[in-house]
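# A closer look at the structure
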Amino acid sequence: MLDLPQLITRYEPESGKIIGAPSVTRRLSDLRGCFADTKAFEAALAADNPVLYRVGAVEPGVGAGDLHYGVGLLMPGRIGNEYYMTKGHLHSWRDAAEIYFGLTGEGVMLLEDEASGESRMVPLLPNQAVYVPGHTAHRTMNTGTTPLTYIGVYPAKAGHDYAAIAQKNFRCVVIERNGRPTLVERTQLT
Ligand code: F6R
Ligand code: ZN
């Protein structure tokens, strides 16, 4: 059915919302267990519980060929020397890939192959797209000083599996070192 509201939406990167679609807001307290520096996390949380990110998503269909998409707004900031980040997830349907399109700001994505643990940090920048293959855990970090905004497009069947990440986190962390985002094995953190 070529129903106009299904065909066209207006997205607002500056608010992390898509008009007429639901959105999810994550505050610092929702990211418990994500940051490596737990002391810095607790100290920051004791002072404030800021919004770290918001994602508005249009999820119309459920068919095998359907697509969903979302707009993300991730604020700048750090906990210790680790950048503000999203929770990160695998897709419940592991084969599901996703494409991220950078809109504004400066960020990186941390990608981790589920089977091998191989990890890669890739830039998420305006006018650039990041292809996230299936079976790949993905997390986004704002490495700049302005809001990072992006769009993600994924199969309707993808789903979100947060449990695996909540249990063992990502193998690597992205920290600010000498003014630059640097990928470090979690076990190598001092
Ligand atoms: C959807 C997707 C993005 C994220 C968003 C927030 O598959 O990857 O829309 O949902 O960047 O990150 P999470 O979901 O990890 O809190
Ligand atoms: Zn995803």
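This structure is a prediction, so every number in the text was calculated from the model and none was measured.

### Some points on the overall build of the chain
Summing up its helical and strand segments, the chain has three helices and 15 strands in all. Expected size for 190 residues packed as a compact globule is a radius of gyration near 16 Å; at 16 Å, the chain falls within 12% of this value. Counting every position in the chain, which comprises 190 residues, the buried fraction comes to 43%. Summarising the internal contacts of the chain: among those between residues at least 6 apart in sequence, 70% fall at separations of at least 24. Total accessible area on the chain is roughly 10,100 Å²; 53% of this is exposed by carbon and sulfur atoms.

### A look at empty space enclosed by the protein
According to the stated counting rule, one finds one cavity of 30 Å³ or more in the structure shown. Roughly 60 Å³ of volume is contained in the largest cavity. Every residue along the wall of the largest cavity is listed here: Leu90, Glu112, Glu114, Ala137, Ala164, Ile165, Lys168, Asn169 and Phe170. The residue makeup of the lining of the largest cavity, split by class, is five nonpolar, one polar and three charged.

### Concerning the site of ligand 1
In the vicinity of ligand 1, 14 residues are found, and the nearest of them are Tyr53, Gly88, Tyr100, Tyr150 and Tyr162. Here an oxygen atom of ligand 1 and a side-chain polar atom of Glu98 are 2.9 Å apart. Within the side chain of Tyr150, an N or O atom sits 2.6 Å from an oxygen atom of ligand 1. For ligand 1, whose unbound accessible area comes to 390 Å², protein coverage reaches 96%. According to the grid-proximity analysis, the pocket containing ligand 1 is the largest pocket. Those elements that provide at least two residues to the shell around ligand 1 are strand E4 (51-58), strand E8 (98-104) and strand E13 (148-155). Here the residues of the shell around ligand 1 are counted per class, giving six nonpolar, six polar and two charged.

### A closer look at the sheet that holds strand E5 (residues 67-74)
What links the strands of a sheet is backbone hydrogen bonding, and the strands pair in either a parallel or an antiparallel sense. Judged by pairing direction, the sheet is antiparallel, and its six strands sit side by side in the order E3-E4-E5-E13-E8-E11 without closing on themselves. Two strands close off the open sheet at either side, each with one partner strand: strand E3 (23-27) and strand E11 (129-132). Recorded for the sheet is a direction-independent mean angle of 20 degrees between the axes of neighbouring strands. Of the pairings in the sheet, the one linking E3 to E4 comprises five bridges and is antiparallel in character. Note that in E4 the partner of Val24 across the bridge is Val55.

Analysis parameters
Residues numbered from 1 in each chain as written. Chains lettered and ligands numbered in written order. Predicted model: local features only at pLDDT ≥ 70, side-chain atom pairs only at ≥ 80, totals over all residues. Heavy atoms only, no water. Helix = DSSP H or I, 4+ residues; strand = E, 2+ residues; numbered from the N terminus. Rg over C-alpha atoms; globule rule 2.2 N^0.38 Å. Buried < 20%, exposed > 50% of the residue type's maximum accessible area, 1.4 Å probe, protein only. Contact = heavy atoms within 4.5 Å. Areas by Shrake-Rupley, 256 points an atom, 1.4 Å probe, with all protein chains shown as cover. 1 Å grid on protein atoms, 1.4 Å probe; cavity = no way out; pocket = protein on both sides within 12 Å on 5 of 7 lines; lining within 4 Å. Points joined across faces, edges and corners; volume = space filled by probe spheres on them. Nonpolar A, V, L, I, M, F, W, Y, C, P; charged D, E, K, R; others polar. Near = heavy atom within 4 Å. Polar contact = N/O pair within 3.5 Å; in protein donor to acceptor, adjacent residues only side chain to side chain. Sits in = over half its atoms within 2 Å of the grid points. Pairing = 2+ DSSP bridges. Axes fitted to C-alpha atoms, helices over the stretch in contact; angles between N-to-C directions.

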